[in-house]
Amino acid sequence: MPTPLSPPLPAGGISQVPDAHGRFGRFGGRYVPETLSAALDQLQAAYDEARADPAFQAELDQLLAAFVGRPTPLLFAKRLTEYAGGAQIWFKREDLSHTGAHKINNTLGQGLLAMRMGKKRIIAETGAGQHGVATATACARFGLDCVVYMGSEDVRRQEPNVRSMRMMGAEVRPVESGSRTLRDAINEAMRDWMGSVETTHYIIGSVVGPHPFPRIVRDFQSVIGKETLLFCKKELGRDPDCVVACVGGGSNAAGMFYPLVEHKGIRLVGVEAGGRSPKPGDHAASLSYGNAGILHGSLSYVLQDPDGQTADVHSVSAGLDYPGVGPEHAWWHDTKRVEYTSVTDAEALDAFDLVARREGILPALETSHALAWAVKEAARRPKEEVIVVCMSGRGDKDAAEIARLRSIEKGGAHA
Ligand SMILES: *Cc1c(COP(=O)(O)O)cnc(C)c1O
C-alpha cells in the first residue's frame, strides 16, 4: 500500500533521510501494488542486516578493489584548466572502473544482497546498456541467472553493449511497448518482478523506484563521494570548492553528493540533459522543467504533459534520456542544498571534443554534460578554487554516434 502523503520532514541534518517510509521530505515513498510490498520489505530487512554485518562490507570492499579497480584516482585536468583560464578542474575517474562507468558499484552490492536473500535470478532494465552490462557482469561473477529488459529501439542503437551482455550469459529481452526505450523497459521489468518475486531480485540501475531502492543505490554509490573527500584531503589538503555531476536518474550524482551534503562549504551542482531546446519533448531535464508526480513507484519531479501523462524526452546521451529523477534529488532541489542546471546536446558534444583533445580522455556523452558546465564555470572562478567533476563513464560507447552526428553537421551521409 502507498505510504501516507506528506509526513513531517525528517529530523536532523539534510543527510538524515530517508525516513522509515522512504521519504525524502515529501518525495520518495512506495507506490506499488501489494504483490511487491512484501519483496520490498524483505529487501529492506536484508539490507539493514547486511549493513550491520562486517563480513558483507568486507566482501564488497574486496570486490570493489580487485574486480572493479577501486579506489579510482583523482586527476588534475591540466590542459583543460589552462583552456578555461580560471579555477582548477579535477576529474574523479569513475570511467576507469571495470565496465567503464560507476554502475558496477551498485550491481555488485545488489548482487550480494540477492544472494543473501537466496534469490538466484536477477532482472534489470537498461537504456544505453551500461547498467545492463554492469548487471550481466555481476551475475557472471556470482553465477546468477540474468535477464535484461531493453527497449527495442535501444537494442538497435546500443548493439555493442547488447553483444557484451549476451557474451556474459545474460538474456536480453527487447521491449516493444510504448516508445521502446528506458521507461518501457522499467515497466516491463516491474511486470516480470510481480510474477517472480519469490525467486527473483530486481537490480534497479539508478536512485529511482520505490523505497528502499533510492536509498540502497545511493549508499552503494557513495564510495564515489567518500573517495573524493579523502583524495582532496590527501592531494590538496582541503575540501573542493565545487563538485559537479551529470543527472539522469541521478545515481552517480547522488553517490558523489551524499557524503558531501553536510560539508556546507562545498557547492554541489547537478547537470541535466537540456537536449535540443526547453520545449516539451526536446529535453530530459526533470528538475529544471518538471512537476511533482509519481513514476515507477515513487514521488519525485517528472516531465509530464498537461494531462499528467509522462512526457516524451530527448537527449543526445541515452543514459540521461529519462523523464524522472531520484526523489533525493527532488529533496535537495527543494531544500536548495544542490543547484540543478542543464546543458544542451550541442554544448555536451563540444565538451566531448574539448576533453578528448586536451586531456586524451573520451568521456561518456552523459559525463560531457557535467564537463561542459565545469569548463564554463571554471572560466568565471579564481585560480585558487577547485572544481571536481564526477567522470561517470568512458565514451567509447558513444564514439560511433558522435561520428554520425558530426557527419550530418558537415552535410555528409544522413545515416
Ligand atoms: C547511466 C549513466 C549515467 C546516468 O545515470 P545516473 O543514474 O544519473 O548516474 C551517467 N553517466 C554514465 C557514464 C552512465 O552510464
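Refer to the preceding data block for the structure.
What counts, and at which threshold
- Residues numbered from 1 in each chain as written.
- Predicted model: local features only at pLDDT ≥ 70, side-chain atom pairs only at ≥ 80, totals over all residues.
- Heavy atoms only, no water.
- Helix = DSSP H or I, 4+ residues; strand = E, 2+ residues; numbered from the N terminus.
- Rg over C-alpha atoms; globule rule 2.2 N^0.38 Å.
- Buried < 20%, exposed > 50% of the residue type's maximum accessible area, 1.4 Å probe, protein only.
- Contact = heavy atoms within 4.5 Å.
- Areas by Shrake-Rupley, 256 points an atom, 1.4 Å probe, with all protein chains shown as cover.
- Lys, Arg positive; Asp, Glu negative; His and termini not counted.
- Charge placed at Lys NZ, Arg CZ, Asp CG, Glu CD.
- Pairing = 2+ DSSP bridges.
- Right-handed = clockwise from strand over helix to strand, strands pointing away.
- Salt bridge = Lys/Arg side-chain N within 4 Å of Asp/Glu carboxyl O.
- Axes fitted to C-alpha atoms, helices over the stretch in contact; angles between N-to-C directions.

### A few points about the overall build of the protein
Thought 1: When you go through the protein residue by residue, the secondary structure sums to 16 helices and 14 strands.
Thought 2: Whereas a compact globule of 415 residues would reach a radius of gyration of roughly 22 Å, the protein reaches 20 Å, a difference of no more than 12%.
Thought 3: Projected onto its principal axes, the C-alpha coordinates of the protein cover approximately 55 × 55 × 45 Å.
Thought 4: The 415 residues of the protein split such that 61% are buried.
Thought 5: For the protein, the share of sequence-separated contacts (at least 6 apart) that also reach a separation of at least 24 residues comes to 74%.
Thought 6: Taken as a whole, the protein presents about 16100 Å² of accessible surface, with 53% of it coming from carbon and sulfur.
Thought 7: Side-chain charges of the protein comprise 46 positive and 50 negative groups, with the mean position of each set lying 3 Å from the other.

### Some remarks on unusual backbone geometry
Outside of glycine, negative phi angles account for most residues, and trans bonds account for most peptide bonds.
Thought 1: The amide bond that connects Val17 to the next residue, Pro18, takes the cis arrangement and shows omega of 0°.
Thought 2: Looking at where Pro18 falls in the secondary structure, it is placed in the segment before β1 (23-24).
Thought 3: Across the junction of His211 and Pro212, the peptide omega takes the value 10°, indicating a cis bond.
Thought 4: Residue placement: Pro212 occurs in the loop between β8 (200-202) and α9 (213-221).
Thought 5: Positioned with a positive phi, Thr99 is a non-glycine residue whose angle comes to about 75°.
Thought 6: Here Thr99 lies in the loop between β4 (88-92) and α4 (103-116).
Thought 7: Residue classification places Thr99 among the partly exposed residues on the basis of a relative accessible area of 26%.
Thought 8: Backbone geometry places Lys336, a non-glycine residue, at a positive phi of 65°.
Thought 9: Tracing the chain through its elements places Lys336 in the loop between α13 (327-334) and β13 (338-344).
Thought 10: When its relative accessible area of 72% is taken as the criterion, Lys336 is described as exposed.

### Concerning the pairing of strand β5 (residues 121-126)
Thought 1: Counting buried positions along β5 yields six of six residues, so the element is predominantly enclosed.
Thought 2: Of the two faces of β5, the one holding Arg121, Ile123 and Glu125 and the one holding Ile122, Ala124 and Thr126 are both buried throughout.
Thought 3: With six bridges joining them, β5 and strand β6 (residues 145-151) adopt parallel strand pairing. By the bridge assignment, Glu125 is partnered in β6 with Tyr149.
Thought 4: Taking the sense of rotation as the criterion, the β-α-β connection linking β5, helix α5 (residues 130-142) and β6 turns out right-handed.
Thought 5: Of the pairings in the sheet, the one linking β5 to β8 comprises three bridges and is parallel in character.

### Examining the pattern of salt bridges
If charged atoms from side chains of opposite charge come close, those side chains can pair.
Thought 1: In the structure shown here, the tally under the stated rule is 38 salt bridges.
Thought 2: Note that Glu328 is salt-bridged to Arg218, the shortest N-O span being 3.1 Å. Taken together, the positions of Glu328 in helix α13 and Arg218 in helix α9 put the pair 110 residues apart, joining distant regions of the chain.

### A closer look at the sheet that holds strand β14 (residues 386-390)
Thought 1: Reading across the sheet, the six strands line up as β3-β4-β14-β9-β10-β13 and stay open at both edges, with mixed pairing between neighbours. Both outer strands of the open sheet, β3 (74-76) and β13, are each paired with one neighbouring strand and no more. The mean angle between the axes of side-by-side strands here comes to 30°, regardless of whether they run parallel or antiparallel.
Thought 2: Sheet analysis places strand β10 (residues 267-275) next to β13, joined by seven bridges and oriented parallel. In the strand pairing of β13, Gly270 is matched with Tyr340.
Thought 3: Sitting on the sheet, helix α10 (residues 223-236) touches β3, β4 and β14, and the angle it makes with β4 is about 135°.

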